[in-house]
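For reference, the chains in residue letters:
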Amino acid sequence: MVFGYNMRKSYDYILLGTIFLQLIIFEFLGLGKYLTWLCVGMILIRLLLTKLENRSMTIFGIPGVLLLALYCMSSFIGENAKLSTMKSNFLMQLYPLLYAIYFYVLAKEKNGVIENVMDKSCWIFNGVLLANFLVIFKQITDPYSINAHITSLKMDYYPDTISGLFAYASTHVLCLYIIFVILYNFSFVKKIKNKRFRLVFYSYNILVIIISCIISLYNDNKVFFFLLPIILLFYLYADPKKNIGKLIAKTLIVFLVGLVILVIACNVSGGVKDFVYARFVTIFKYVRKAFVAGNSISGSGERVALVVYALKNPDTWILGEGFSHAGLYQAKIHGFKHFGQSSLGAFLILGGVWYTIVITGLYTKIFINLIGGKIKSVISIGAILVFAFLMIYTQTFTRTNIMTALVLIMLAFGMRQRQFYGVKYQENIHEKD
């Protein structure tokens, strides 16, 4: 082992801190690209100088070779292939994957670094969130007063830029980080022994949810209202001591009661009806329109339209059109103004359905290992559904800040699992993989 045990742990703490700082402030300052290069370099050094058991790395063997083979085959098929585009798309996917692999390696080594960071960073995670709340309040009440460094095209729609201290126009990253903190707090509150303080902290987390819902109305982040309940649902399922059947029944009851209350409120108040229609009903209209409008649709509906268009394209079911033929974020491909805003649609069109399945499966396996736990089948289903949803929603597997936020959510699930089984059980689970 080239790295000594203590030196390796110190290196990991520095690297984790750098990754976290990139997420919460350096992207905002426009330095995200340079931090990505730094973190990727540090990760490569860490991986090259670290020895893992062969069976621990089998997760990357066949899927990794298959991914590379599919990538190369699709890239060199057809005419007008551009080596520069192929390289750009490759690096765009490689960087987030290296981040995920690094966290996987930390989980496999079982050196306590992840556990220590998660157990002792409550005030840091929540402090960052509260700081963002203050900045967002200023962004809402005084538009354009606080702006992140613009590294891409300037957004015409101001609510899309209300993302606090995260990168420019990164409401999706803000959404994922808020969900992470909410999950983390629900786990952390169980560690508090003082009943009064536990109640205060629990009430604080409920307040965080309420404030987050209000913010999501102002920055037009409708997905938050769908994503948070879904992830919380699987968070509850992660509890092996609870009967899944009863949880499903209770969830359905709560959903139906809430639906009845909402319907009554809409019939009683015209304002509530207009609000619900403007914020939520329009989403379903976008989805329905996306199935028939194709590339003529613009805005949020393009996310679904891209997927529908891709599945109707014969090339999608072979090797795709190739990652050397168009950039993942290139505008107006096949007539779509915002071609790259959905990872799933872009991956299906350029890489094909088989490439998309393999890379989704690889990430799913990595994340399930980060979560651990006895009921991995339930979590696996939840993880696959959440990943698929996020791939439609945003650039899930091509942005390092999104990947970091996703990893944090998975680690919050892992923190919850440790509360039931303890670190020793978690280690045994990993050793069997």
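Preceding this paragraph is the structure being described.
One structure accompanies this document, and this report is about it. (Residues numbered from 1 in each chain as written. Predicted model: local features only at pLDDT ≥ 70, side-chain atom pairs only at ≥ 80, totals over all residues. Heavy atoms only, no water.)

Quick notes on the overall build of the protein chain
Logical step 1: Scanning the protein chain from N- to C-terminus turns up 15 helices and 0 strands.
Logical step 2: Across the 433 residues in the protein chain, those meeting the buried criterion constitute 51%.
Logical step 3: Counted over contacts in the protein chain with a minimum sequence separation of 6, partners at least 24 positions apart contribute 75%.
Logical step 4: In the form shown here, the protein chain has an accessible surface area of approximately 20700 Å², with 68% of it arising from carbon and sulfur atoms. (Helix = DSSP H or I, 4+ residues; strand = E, 2+ residues; numbered from the N terminus. Buried < 20%, exposed > 50% of the residue type's maximum accessible area, 1.4 Å probe, protein only. Contact = heavy atoms within 4.5 Å. Areas by Shrake-Rupley, 256 points an atom, 1.4 Å probe, with all protein chains shown as cover.)

As for the pattern of salt bridges
Logical step 1: Inspection of the entire model under this criterion finds 2 salt bridges.
Logical step 2: Note that D12 and R46 form a salt bridge whose closest N and O atoms lie 2.7 Å from each other. Here D12, found in helix α1 (residues 5–26), pairs with R46, found in helix α2 (residues 32–48); they are 34 residues apart in sequence, far enough to count as distant.
Logical step 3: Residue classification places D12 among the buried positions, given a relative accessible area of 0%. (Salt bridge = Lys/Arg side-chain N within 4 Å of Asp/Glu carboxyl O.)

Quick look at helix α13 (residues 343–371)
Each α-helix winds once per 3.6 residues, and so residues spaced three or four apart point in a common direction.
Logical step 1: With 29 residues, α13 should cover 42 Å at 1.5 Å per step; its first-to-last C-alpha distance of 23 Å lies more than 12% under that length.
Logical step 2: At G351, α13 shows its strongest bend, of approximately 120 degrees.
Logical step 3: The element α13 is largely enclosed, with a buried count of 25 among its 29 residues.
Logical step 4: Of the residues trailing α13, G372 is marked for its positive phi of about 65 degrees. (Expected span 1.5 Å × (residues − 1). Bend = angle between axes of the 7 residues up to and from the residue.)

A closer look at the side chain of N185
Logical step 1: Here N185 shows up in helix α7 (residues 171–188).
Logical step 2: Not counting residues within four places of it along the chain, the set of residues in contact with N185 comprises N126, F201, Y204 and N205.

Describing the environment of I178
Logical step 1: Along the polypeptide, I178 turns up in helix α7.
Logical step 2: I178 gets classed as buried once you look at its relative accessible area, which sits at 2%.
Logical step 3: A C-alpha to C-alpha distance of 9.6 Å links I178 and I409, two positions 231 residues apart in sequence.
Logical step 4: When near neighbours in sequence (up to four residues on either side) are disregarded, I178 contacts L129, F133, S212 and F224.

Remarks on the side chain of T360
Logical step 1: Tracing the backbone shows T360 in helix α13.
Logical step 2: A distance of 2.7 Å separates a polar side-chain atom of T360 from the backbone oxygen of T356.
Logical step 3: If near-sequence neighbours (up to four positions away) are discounted, T360 is found in contact with M391 and F397. (Polar contact = N/O pair within 3.5 Å; in protein donor to acceptor, adjacent residues only side chain to side chain.)

As for the packing of α2 against helix α4 (residues 83–109)
Logical step 1: In contact at an axis separation of 10 Å, α2 and α4 are set at 40 degrees when each is read in the N-to-C sense. Viewed along their axes, α2 and α4 adopt a mutual orientation that is oblique. Considering only the axes of α2 and α4, their crossing is left-handed. Seen from α2, the contacting residues are L35, T36, W37, C39, V40, I43, L44, R46 and L47; seen from α4, they are Y95, L98, Y99, I101, Y102, V105, L106 and E109.
Logical step 2: Residue composition of the contact of α2 with α4, grouped by class: 14 nonpolar, 1 polar and 2 charged. (Axes fitted to C-alpha atoms, helices over the stretch in contact; angles between N-to-C directions. Parallel < 35°, antiparallel > 145°, perpendicular 65-115°, else oblique. Left-handed = near helix turned anticlockwise from the far one by under 90°. Nonpolar A, V, L, I, M, F, W, Y, C, P; charged D, E, K, R; others polar.)

Concerning the nonpolar core
Logical step 1: Y177, I179, F180, F367 and I409 are the most contacted members of the largest nonpolar core, which has 111 residues in total.
Logical step 2: Ignoring anything within four residues of it in the chain, the contact list for I409 reads L176, I179, F180, L183 and I231.
Logical step 3: Ranked by size, the runner-up nonpolar core spans 6 residues in total, among them V135, A148, L165 and Y168. (Core = buried A, V, L, I, M, F, W, Y, C linked by side-chain atoms within 4.5 Å.)

Some thoughts on the packing of aromatic side chains
Logical step 1: Throughout the structure, instances matching the rule amount to 24 aromatic pairs.
Logical step 2: Relative to Y184, the ring of F125 has its centre 5.1 Å away and its plane inclined at 85 degrees; by these criteria the two rings are edge-to-face. With F125 in helix α6 (residues 122–141) and Y184 in helix α7, the pair connects residues that are 59 residues apart, well separated along the chain. The pair formed by F125 and Y184 is uniform in burial state, with each residue classed as buried.
Logical step 3: Ring geometry for F201 against Y204: centres 5.6 Å apart, planes inclined by 45 degrees, an arrangement best described as tilted. Separated by 3 residues within a single helix, F201 and Y204 lie in helix α8 (residues 195–218), roughly one turn from each other.
Logical step 4: Taken together, the ring pairs in this structure connect F20, F125, F166, Y177, F180, Y184, F188, F197, F201 and Y204 into an aromatic cluster. (Phe/Tyr/Trp six-rings, centres within 6.5 Å; stacked < 30°, edge-to-face > 60°.)

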